[in-house]
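Read off the chains here:
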Amino acid sequence: MDGLIIGLDLCDAYTRICCYDREKSWCIPTVICRKKDEDAWYIGEEAYAYTLVGEGIIVDKLIKMVRKDGTATLGGTKYEGLDLLKTFLKKILKLPMEEFFSDEVKQLVITLQKVDGKLMDGIMYCADDLGIPRDRVHIISHTESFVYYALSQKKEVWSNQVAVFDLSEDSFHYHELKIQRGLRKMVVMAEEQALEESFNLDILDTPSGGKLADKILSSCAERLLQKKLFSSIFLTGKGFSNHEWASDSMKILCSRRKVYMEPELFARGAAVKGMDYVQEKTSFICICQGRLHSTVSMRVLHKERENQLIVASAGDNWYESRSSVDLIVDGQDYVEFMVTPMDPKQARLVKIPLEGFPKRPDRTTRVGISVGFLDEKTMAVVLKDKGFGDLFPATTAVVRQEVML
């Protein structure tokens, strides 16, 4: 197969990168530095090394910088956070390309702890500059990466619920998935929560701090795992690179279930998802952060037969989900959507009035309908008057509305 399928776990502290079906992986501190006396850039440990000897100026927390439209001044030149991230990504992507002698990226799936439109727009801009076509670049949440990683394992690993404890430098997160069976297509429901019991990893450097961390993890495990049937538990993040401090916690976690240490879990899951894009087929529907939780449809008549026109489906990536259609209204001055969550009993109708549209006879108004999403819970709808041929010319009438799903 030509080209690499790359999974990239992009975080403020470390970035992990791996390729589908390849063993070698990389873990690089998410920092970049510019040499003081020349336009030369270095990332990761090299960046630290040049800074330590006074030859470079370092910048960290690149993700936070992009989210806040931040800048950094290096060598008298001010750089946008987005440009620094672009340079960082360009250099880190060279690692697998040089290692595996490939200059083509077949699919790049970037996974983030938290997905939001602004950061995703920025990353796509970086991909444009790297020369990777947009249809080969995808951005998913850690939760979705976890789902794809777990379901790529043997069935005994995910036959019941599965959980992940992610203990990183600046946060403590818990992810959980369960499978809904009995439907025409398997549905995987996954949730994530930031744990309030987060602690700084520096406390693990002392015996007393390790005991405190063990007590915190034990408390979280008892609270989150009780009364549920788990097949397996995964532990990931720098905090679990050495788990000797977690002796009591391990007894709780390992009770009647298997526990796996997987530092590259999110990057590996992203690579699995990349292979899914290549094959253009998915064996299940994933409902999690970054995915739509409801199906949006419209009731239409086609050749005098009533049909449901699907605008967006539950499980679609909200950032990539866009659709446009022209419809002719008949006997109504509004456009109506059906929003159906995973529980069909909670389905509801949403009517958007055609305010400002000219009054015309039935079946003489063509409406251009464009649908996109601001996040997994907010649909953005634009309705335009396209008229009806020469008899009823189009006007500038436009209706814009956001719909909560």
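For every chain, the first residue of its written sequence is number 1, and the numbers climb from 1 along that sequence. The predicted origin of the model limits local features to residues at a pLDDT of at least 70 and limits the giving and counting of side-chain atom pairs to 80 or more, whereas totals for whole chains, interfaces and linings rest on all residues. For side-chain calculations, the full set of non-hydrogen atoms in the structure is used, while hydrogens and water are omitted.

Sorry if this is basic, but what is going on with the packing of aromatic side chains here?
In this description, an aromatic ring pair is defined by two values, namely the gap between the centres and the angle between the planes. Each Phe, Tyr or Trp ring (for Trp, its six-membered ring) is paired with any other whose centre lies within 6.5 Å, and the angle between the two planes then decides the class: stacked below 30 degrees, edge-to-face above 60, tilted in between. Under the counting rule described, the total for this entry stands at 12 aromatic pairs. Ring geometry for F234 and Y260: centres 5.2 Å apart, planes at 25°, overall stacked. Placement of F234 in strand β14 (residues 230–236) and of Y260 in strand β15 (residues 258–261) is noted, with a sequence separation of 26 residues between them. You can call Y260 partly exposed: its relative accessible area is 27%. One aromatic cluster is present, built from ring pairs that chain together F165, F172, Y174, F199, F240 and W245. Consider the ring centre and the ring normal. A charge sits over the ring if Lys NZ or Arg CZ is within 6 Å of that centre and within 35 degrees of that normal. Sitting over the face of the ring of F100, R22 holds its NZ or CZ atom 4.6 Å from the ring centroid. A cation sits over an aromatic face here: R322 above Y319, 5.7 Å from the ring centre. Each helix corresponds to a stretch of at least 4 residues labelled H or I by DSSP, and each strand to a stretch of at least 2 residues labelled E; elements are numbered beginning at the N terminus. Burial classification: accessible surface area is computed with a 1.4 Å probe over protein chains only, and a residue below 20% of its type maximum counts as buried, one above 50% as exposed, and the rest as partly exposed.

What is the right way to look at the sheet that holds strand β16 (residues 284–287) in this model?
In a beta sheet, neighbouring strands pair by backbone hydrogen bonds and run either parallel or antiparallel. Read from one edge to the other, the open sheet built from six strands follows the order β15-β14-β11-β12-β13-β16, with strand pairing classed as mixed. Strands with a single pairing partner mark the edges of an open sheet, and in this sheet they are β15 and β16. On average, adjacent strands in this sheet sit at an angle of 20° to one another, irrespective of strand direction. Any two strands between which DSSP finds at least two bridges are classified as paired. With four bridges connecting them, strand β13 (residues 186–194) and β16 associate as parallel partners. Note on geometry: axes are lines fitted to C-alpha atoms, helical ones only across the stretch in contact, with angles between N-to-C directions running from 0 to 180 degrees.

Looking at this structure, how should I read the packing of helix α3 (residues 81–99) against helix α4 (residues 117–130)?
Geometrically, a packed helix pair is captured by the angle between its two axes and the distance between the axes. Contact geometry for α3 and α4: axes closest at 9 Å, N-to-C directions at 55°. The angle between α3 and α4 places the two elements in the oblique class. Here α3 and α4 pass one another in a crossing that is right-handed. Taking contact as the criterion, the partners of L82, D83, L85, K86, L89, K90 and L93 in α3 are, on α4, G122, I123, Y125, C126, D129 and L130. Amino acid classes used here: Ala, Val, Leu, Ile, Met, Phe, Trp, Tyr, Cys and Pro are nonpolar; Asp, Glu, Lys and Arg are charged; the rest, including Gly, are polar. Class assignment of the residues belonging to the contact of α3 with α4 gives a composition of eight nonpolar, one polar and four charged. In these notes the angle categories are as follows: under 35 degrees is roughly parallel, over 145 is roughly antiparallel, 65 to 115 is roughly perpendicular, and the rest is oblique. Each crossing is labelled by how the near helix is turned from the far one, with a counterclockwise turn of less than a right angle marking it left-handed and a clockwise turn marking it right-handed. Any two residues having at least one pair of non-hydrogen atoms within 4.5 Å are treated as being in contact.

What exactly am I supposed to notice about the pattern of salt bridges here?
One side chain can pair with another of opposite charge once the charged atoms of both are near each other. For salt bridges, the criterion is a side-chain nitrogen of Lys or Arg within 4 Å of an Asp or Glu carboxyl oxygen. Summed over the entire model, instances satisfying the criterion amount to 21 salt bridges. The partner of R34 in a salt bridge is D39, with the nearest N and O atoms 3.6 Å apart. Given a relative accessible area of 12%, R34 falls into the buried group. Residue classification places D39 among the exposed residues on the basis of a relative accessible area of 58%. A network of salt bridges, in which partner residues are shared, links K35, E38 and E55.

What exactly am I supposed to notice about the sheet that holds strand β18 (residues 305–312) here?
Overall, antiparallel pairing links the four strands, which are arranged β18-β17-β20-β21 in an open sheet. A single partner strand is all that each edge strand has here, and the edge strands are β18 and β21 (348–353). Averaged over all pairs of adjacent strands, the angle between their axes in this sheet comes to 35°, without regard to strand direction. Judged from the seven bridges that link them, strand β17 (residues 294–302) and β18 form a sheet pairing that is antiparallel. The residue of β18 that forms the bridge with V296 is A312.

Where do I start with the nonpolar core in this structure?
In summary, soluble globular proteins display a tendency toward joint burial of nonpolar side chains. Residues grouped as a nonpolar core are buried Ala, Val, Leu, Ile, Met, Phe, Trp, Tyr and Cys residues, joined through side-chain atoms within 4.5 Å. Core analysis: the biggest nonpolar cluster contains 67 residues, and L10, L84, F337 and L383 have the highest contact counts within it. Here the element with the most residues in this core is α3; it accounts for seven residues. Not counting chain neighbours up to four residues away, the residues in contact with F337 comprise V296, S297, M298, V311, R348, L349, V350, I352, I369, V371, M379 and V381. Core analysis: the next-biggest nonpolar cluster, separate from the first, contains 24 residues, F172, F199, L201 and I216 among them.

Would you take a moment to explain the side chain of T236 for this structure?
One can find T236 in strand β14. Reaching out from T236, the side chain makes a polar contact with the backbone oxygen of E262 at a distance of 2.8 Å. Within the structure, T236 has its side chain in polar contact with the backbone oxygen of P263 (distance 3.4 Å). When residues no more than four places from it in sequence are discounted, the contact partners of T236 are V164, F165, D166, L167, E262, P263, E264, L265 and F266. Any N or O atom pair separated by 3.5 Å or less is treated as a polar contact, with the protein-specific requirement of one donor-capable and one acceptor-capable atom, and with residues adjacent in sequence counted only for side-chain atom pairs.

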